[in-house]
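# Topology and contacts: notes
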Amino acid sequence: MYRYDEFDSRFVRERVREFRAQVERRLDGSLTEDEFKPLRLQNGLYLQLHAYMLRIAIPYGTLSSRQLRQLALIADRYDRGYGHFTTRQNLQFNWPKLKDVPDILDLLADVEMHAIQTSGNCIRNVTADHFAGVAADEVEDPRPTAELIRQWSSLHPEFSFLPRKFKIAVTGAEHDRAAIKAHDIGLRILRRPGTGEIGYEVIVGGGLGRTPMIGKVVREFLPRADLLSFLEAIMRVYNLEGRRDNKFKARVKILVHEIGAEEFRRRVEQEFAALDGPSVNADPEEVKRIAAYFAPPPYEELPERSVKLSIAKAAHRDFARFVETNVFAHRVPGYAAVTISLKPIGGVPGDATSEQMRIIAELAERYSFGEIRVTYMQNLVLPHVRNDELFALWEALDAAELATANASLVTDIISCPGLDYCSLATARSIPIAQSLSRRFADGARQREIGPLGIKISGCINACGHHHIGNIGILGLEKNGAEYYQLTLGGDATENAALGERLGPGLAAEEVPDAVEKIVNVYLQERSVGEEFIATYRRLGIAPFRQAFEKGVEGDQHAAH
Amino acid sequence: MPLIDATGFKQNGFARMTEGCSLPAGDVILPLEKLSTWREEVFSRGDRVGVHLPNTARVDEVWPLLDDVALVSIDFPSFADGRGFSLARGLRQRGFFGVLRAFGPLIADQMRHALGCGFDEVETPEAVIVRQPISQWRAALETITLRYQRGAGNGLSILDRRRAAREMGHRRFHSGLALARE
């Protein structure tokens with residue numbers, strides 16, 4: 001993991017001091033509320049429905065046990081004993097008091113953490129594949145790149161007052177687990193065909209929200225050394241040309257869409273050519289310095305197969321199921337990555353109590369070199385567990401009610417906080433997630449259905465990624481009543497696709513039935529071994545729509 | 001409006017030519033659209049010429065007009081509109097060596113953004129200074145003393161400092177070797 005040097009530490013402390021003074025200056029009237037707002041947002045502090053919300057950066061989703069324990073301490077001391085992991089690998093506290101926030105930031109700085117740019121119209125916290133350094137299909141660990149971008153984007157003097165927020169994601173693998181095509185900039189590390197040189201494919205203009213778009217490739221191969229100057233070129237074009245007349249048209253995706261990908265690309269290349277690259281780019285030595293922190297942990301040489309694991313699986317059915325769903329193959333023989341689901345049946349997706357955080361921190365120390373990952377699916381991962389120790393880990397997780405065996409299954413639901421917390425929301429989303437989770441609670445049935453991603457947003461801003469859910473659910477409001485729109489066929493992976501609308505909106509209580517009908521069509525129509533999304537692609541939306549419409553009509557008849 | 005640079009308040013040596021008024025005496029900041037009309041007259045009386053740019057100006061288009069222009073003032077219609085920062089950096093990159101001034105309701109907290117993008121000074125409304133006295137502008141600069149970005153503003157970035165430390169390390173290492181050989 002990355003460790004701060006003296007400069008990083010001083011930098012973060014300076015930002016805390018600055019923020020402390022900004023809070024005081026707001027209270028004494030030096031700053032108006034309008035002036036204070038972007039300053040607090042740039043430090044992750046939102047004013048929500050009931051209280052302030054503080055969003056803490058977990059850069060590229062990597063946490064140490066020590067850091068997770070500190071988050072637990074903050075949850076106990078300054079919040080209500082829990083935190084909420086988000087789809088951008090951040091952690092949100094929902095109940096801090098404004099006057100306490102500077103002290104919370106100091107506690108974060110103690111463990112090399114911060115809340116810099118987790119909000120506001122600036123470059124946001126950089127995300128990456130949660131299986132970085134673990135996945136076998138990886139060209140290179142994306143985290144050194146993400147860390148370099150974290151540093152470069154922090155308090156950037158030129159790009160702190162952009163037209164709108166700006167999100168960057170990096171993957172180093174063939175299979176995209178970071179949804180890079182749904183980001184303002186997506187970077188894919190690749191080898192140049194022929195030479196084998198490492199560089200980046202650069203994708204710009206993806207995004208969800210009210211105008212969902214899949215990003216366009218603006219550079220097929222960017223040499224590694226040019227990364228920062230190329231990013232500056234993109235950002236400058238966006239900062240100057242991005243629309244500022246309408247908040248809803250201000251993201252870079254709209255600019256790319258309006259002027260066309262070709263023209264956008266031309267402007268970026270022109271800006272890039274005019275930039276003095278060497279004065280902006282990081283030295284190769286600096287890149288190496290950062291990369292050294294992400295060297296693999298001291299793995300032991302282990303046999304591929306674990307007898308202990310086989311015996312335990314044979315003896316404990318629940319454990320065998322957990323291994324089937326929540327254990328991910330590791331590139332190193334004898335090891336595995338384990339998903340700790342934060343989606344217990346009927347629970348709030350992404351919530352973890354301080355007690356759970358401490359238990360997970362402890363287990364990470366015992367079984368995973370003290371390392372934890374946060375996934376954009378709002379789960380946690382212990383990335384380096386010995387196969388021999390999977391059973392012991394599972395027992396400990398089970399005792400703490402953290403062994404829900406549903407990773408990537410129908411109850412592994414992504415949900416934004418919705419109207420229960422958020423001032424932008426138009427409808428509740430957590431209760432929808434909970435009712436669906438209860439509807440599909442049966443483990444055998446979930447496994448029969450197989451991988452199926454349900455994603456729920458409580459408004460068109462799409463924090464719950466509904467557009468790229470296999471089944472997407474969008475909560476809206478009309479005449480004071482909440483209703484829900486379903487989309488099908490969204491995909492967050494390298495085959496990124498936006499979902500198609502299924503039909504008219506539904507009342508909250510009708511959602512589980514409708515989802516069940518969709519699932520039933522899939523179960524009926526699928527070929528052997530075919531996942532939901534593949535069946536959908538083969539059949540199109542028609543049979544699903546038919547079942548859905550029948551359902552809606554039937555309900556209306558029943559009501560008459 | 002008060003003028004502030006990295007050290008504090010500054011005497012404003014330029015007068016602005018405003019809509020419907022005649023050409024002021026002394027050094028003048030002309031609106032972009034009046035630049036070609038009045039520049040020669042200002043030069044001929046031996047005064048300096050400045051120009052005020054909207055933040056939608058393009059570097060490529062204004063660059064040919066900036067010959068002998070001593071000061072470029074860039075408009076910030078609101079403190080939250082950051083276009084002026086990119087325009088300033090673009091001009092510096094292109095090779096503008098004159099004075100760069102940010103004009104508009106910037107707040108004390110943005111002094112470091114302005115300096116980091118190549119501005120020398122900020123001209124902000126009196127109302128801002130009433131709430132944010134000069135001590136706050138100085139404090140803002142003294143609070144954040146480090147930055148990561150290379151090629152932005154004066155002084156060494158963190159990346160440059162790390163490089164310097166590395167080179168120092170190399171030198172120490174090599175002089176150590178030399179000593180050991182002796």
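Residues numbered from 1 in each chain as written. Chains lettered and ligands numbered in written order. Predicted model: local features only at pLDDT ≥ 70, side-chain atom pairs only at ≥ 80, totals over all residues. Heavy atoms only, no water.

Turning next to the overall build of chain A. If you tally the helices and strands in chain A, you get 19 helices and 20 strands. Computed over its C-alpha atoms, the radius of gyration of chain A comes to 23 Å, within 12% of the 24 Å expected for a compact globule of 560 residues. Counting only C-alpha atoms, chain A reaches 65 × 60 × 55 Å along its principal axes. A sequence separation of at least 24 residues applies to 67% of the contacts in chain A between residues at least 6 apart. Total accessible area computed for chain A in this model is approximately 20,700 Å², and 51% of it derives from carbon and sulfur atoms. For chain A, the distance from the average position of its 70 positive side-chain charges to the average position of its 77 negative side-chain charges is 3 Å. (Helix = DSSP H or I, 4+ residues; strand = E, 2+ residues; numbered from the N terminus. Rg over C-alpha atoms; globule rule 2.2 N^0.38 Å. Contact = heavy atoms within 4.5 Å. Areas by Shrake-Rupley, 256 points an atom, 1.4 Å probe, with all protein chains shown as cover. Lys, Arg positive; Asp, Glu negative; His and termini not counted. Charge placed at Lys NZ, Arg CZ, Asp CG, Glu CD.)

Turning next to the domain arrangement of chain B. Residues and elements named next belong to chain B. Under the domain assignment used here, chain B contains domain 1 (3-145) and domain 2 (147-182). Using only C-alpha atoms to locate each centre, domain 1 and domain 2 end up separated by 36 Å. Tallying the contact residues gives four residues for domain 1 and six residues for domain 2. Interface of domain 1 and domain 2: buried area, both sides summed, is about 280 Å²; carbon and sulfur atoms make up 34% of it. When residues of domain 1 are sorted by the area they lose upon contact with domain 2, R89, G116 and T145 head the list and together hold 85% of the total. Summed over the shared surface of domain 1 and domain 2, the result is zero salt bridges. Where domain 1 touches domain 2, the interface holds one residue pair in polar contact (both at pLDDT 80 or more). (Domains from an automatic or database assignment. Buried area = accessible area lost by both parts, 1.4 Å probe. Salt bridge = Lys/Arg side-chain N within 4 Å of Asp/Glu carboxyl O. Polar contact = N/O pair within 3.5 Å; in protein donor to acceptor, adjacent residues only side chain to side chain.)

This paragraph deals with the environment of A51(A). Residues and elements named next belong to chain A. Summarising the element assignment, A51 is placed in the loop between β1 (45-47) and β2 (52-56). Taking the relative accessible area as the measure of exposure, A51 reaches 16% and is therefore buried. Considering only alpha carbons, one finds A51 and N387, 336 residues apart in sequence, at a separation of 44 Å. With residues up to four places along the chain from it excluded, the contact list for A51 reads Y46, N94 and W95. (Buried < 20%, exposed > 50% of the residue type's maximum accessible area, 1.4 Å probe, protein only.)

Now for the interface of chain A and chain B. Listed by partner, the interface residues are 52 residues for chain A and 41 residues for chain B. Between chain A and chain B the total buried area reaches about 4,000 Å² when both faces are included, carbon and sulfur atoms providing 49% of it. The largest per-residue losses of area from chain A upon contact with chain B belong to F7(A), P157(A) and F161(A), which jointly make up 18% of the total buried on that side. When the shortest N-O distance is used, the salt bridge between E232(A) and R89(B) registers 2.8 Å. Across the chain A-chain B interface, the total number found is 35 residue pairs in polar contact (both at pLDDT 80 or more). Listed by contribution, the elements that provide at least two residues to the side of chain A that touches chain B are α1 (6-27), α2 (33-41), α5 (143-153), α6 (227-241), α8 (261-274), α9 (277-280) and α10 (284-292) of chain A. At 10 residues, α1(A) tops the list of elements feeding residues into the side of chain A that touches chain B. For the side of chain A that touches chain B, the residue count by class is 17 nonpolar, 13 polar and 22 charged. (Nonpolar A, V, L, I, M, F, W, Y, C, P; charged D, E, K, R; others polar.)

Residues and elements named next belong to chain A. On the basis of which strands lie adjacent, the open sheet formed by five strands has the order β6-β7-β8-β9-β10 and mixed pairing. Each edge of the sheet is formed by a strand with only one pairing partner; in this case those strands are β6 (127-128) and β10 (216-223). Relative to β10, strand β9 (residues 198-204) runs antiparallel, the two sharing five bridges. Counted as the bridge partner of V204 is K216 from β10. Across the sheet, α8 is in contact with β9 and β10; its angle to β10 comes to roughly 30 degrees. (Pairing = 2+ DSSP bridges. Axes fitted to C-alpha atoms, helices over the stretch in contact; angles between N-to-C directions.)

This paragraph deals with α8(A). Its 14 residues place the ends of α8(A) 20 Å apart at the C-alpha level, agreeing with the 20 Å of an ideal helix rising 1.5 Å per residue. Inspection of α8(A) places F264(A), R267(A), V268(A), E271(A) and F272(A) among the buried residues, and these make up the whole buried set. Down the axis of α8(A), the buried set is contained in an arc of 135 degrees. They therefore lie on one face. For α8(A), the exposed residues set more than 90 degrees away from the buried face come down to E262(A) and A273(A). Against β9, β10, α6 and α7 (252-259) of chain A together with α3 (83-94) of chain B lie the buried residues of α8(A). (Expected span 1.5 Å × (residues − 1). Arc of directions from axis to C-beta.)

Let us now look at the sheet that holds strand β15 (residues 380-386) of chain A. Residue and element names in this part refer to chain A. The strand order across the open sheet formed by five strands is β3-β14-β15-β12-β11, and the pairing between neighbours is antiparallel. The open sheet has two edge strands with one neighbour each: β3 (62-64) and β11 (327-329). Between one strand axis and the next, the sheet turns by 35 degrees as a mean value, whatever way the strands run. Across five bridges, strand β12 (residues 335-340) lies against β15 in antiparallel orientation. By the bridge assignment for β15, I340 is matched with L380. The strands that helix α13 (residues 354-367) touches are β12, β14 (371-374) and β15; relative to β15, the one it contacts most, it runs at about 25 degrees.

Residues and elements named next belong to chain A. Segmenting chain A into domains produces domain 1 (6-55 + 71-110), domain 2 (134-292), domain 3 (307-399) and domain 4 (414-559). Relative to domain 4, the C-alpha centre of domain 1 lies at a distance of 34 Å. Contacts between the two partners involve 10 residues from domain 1 and, on the opposite side, 10 residues from domain 4. Summing both sides of the interface, domain 1 and domain 4 together bury roughly 780 Å²; the carbon and sulfur share of this comes to 56%. Of all residues in domain 1, the largest losses of buried area upon contact with domain 4 belong to Q48, L49 and T87, amounting jointly to 56% of the total for that side. At the junction of domain 1 with domain 4, the criterion picks out two residue pairs in polar contact (both at pLDDT 80 or more).

A word on unusual backbone geometry. Residues and elements named next belong to chain A. Positive phi, normally seen in glycine, also occurs at A462, with a value near 65 degrees. Relative to the helices and strands, A462 is located in the loop between β17 (454-457) and β18 (471-478). We classify A462 as buried; its relative accessible area is 3%. Within the chain, H465 stands out as a residue other than glycine whose phi angle is a positive 60 degrees. By the secondary structure assignment, H465 is in the loop between β17 and β18. By relative accessible area, H465 is classed as buried at 10%.

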